[in-house]
Amino acid sequence: IGTPNIHQKVLFDLVIKYNINDQVLFLGRQSRKKILNLYNISELIISASKSDAGISSAVSESMSCEKAVLISDNRDNKLWINNNKNGFLFKNNNLKDLQSSFVKIIKQKRPFLLSIGANARKTQLFRNNINIEMQKVELVYRMICAKKTS
């Protein structure tokens, strides 16, 4: 949990209830360098943000690292995540849905989560690729330049 919030106790209690406290870490805000290392040792990244503009950098980075993500279905998140294919969605601002989604995910076999992570990486390579995006920018510049010369 990056920023303390009112739902922390519920999440802590859930981890204890399912006896997975040796598998779940609540680390708080971390440095940029450390967070990348944490992505690499994690199997599931959860983002319960109530509002993002586009896809958040934490979710994008997690997906790029081939990690399964469980994120709220707010804003553009549902445009990036195909539920149970390249990640998991829960209803925005709905703690019960977050809880039930988390429980379903932790009951999955590891190969399933790895396949979700692999699909997440493919999504990032295809839809969030700097080379593809820069080609689009270059095309816009070329169009502007062509209009100025005509």
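See the structure shown above.
Throughout what follows, the structure given in this document is the object of discussion. (Residues numbered from 1 in each chain as written. Predicted model: local features only at pLDDT ≥ 70, side-chain atom pairs only at ≥ 80, totals over all residues. Heavy atoms only, no water.)

1. Some remarks on the pattern of salt bridges
Put simply, the rule reads: Note on definitions: salt bridges are taken to be side-chain nitrogens of Lys or Arg within 4 Å of carboxyl oxygens of Asp or Glu. Secondary structure follows DSSP: runs of H or I at least 4 residues long count as helices, runs of E at least 2 residues long count as strands, and numbering of each begins at the N terminus. When accessible area is computed with a 1.4 Å probe and restricted to protein chains, residues below 20% of their type maximum are described as buried, those above 50% as exposed, and intermediate ones as partly exposed.
If you walk through the whole model with that rule in mind, you get 3 salt bridges. The shortest N-O distance in the salt bridge between Glu43 and Arg110 comes to 2.9 Å. Taken as a pair, Glu43 in the loop between helix 2 (32-41) and strand 1 (44-47) and Arg110 in helix 6 (residues 110-127) lie far apart in primary sequence, 67 residues in all. Overall, Arg110 belongs to the partly exposed group, its relative accessible area being 48%. Residue Lys136 is joined to Glu133 by a salt bridge in which the shortest nitrogen-to-oxygen separation is 3.2 Å. Of the two residues, Lys136 and Glu133 are both situated in helix 7 (residues 130-149); the distance of 3 residues between them amounts to about one turn of the helix. For Lys136, a relative accessible area of 47% gives the class partly exposed.

2. Overview of the packing of aromatic side chains
Heads up, the condition is: Paired rings are identified among Phe, Tyr and Trp, the last through its six-membered ring, by centres lying within 6.5 Å, and are further divided according to the angle between planes into stacked (under 30 degrees), edge-to-face (over 60) and tilted (the rest). As a reminder, the over-ring test applies to NZ of lysine and CZ of arginine, requiring each to be within 6 Å of the ring centre and within 35 degrees of the ring normal.
With the rule as written, the count across this model stands at 1 aromatic pair. When the centroid spacing of 6.2 Å and the interplanar angle of 55° are considered together, the rings of Phe88 and Phe112 count as tilted. Pair noted here: Phe88 is in strand 3 (residues 88-90) and Phe112 is in helix 6, with a separation of 24 residues, a long-range link. The ring of Trp80 has Arg127 lying over it, and the distance from NZ or CZ to the ring centre is 4.2 Å.

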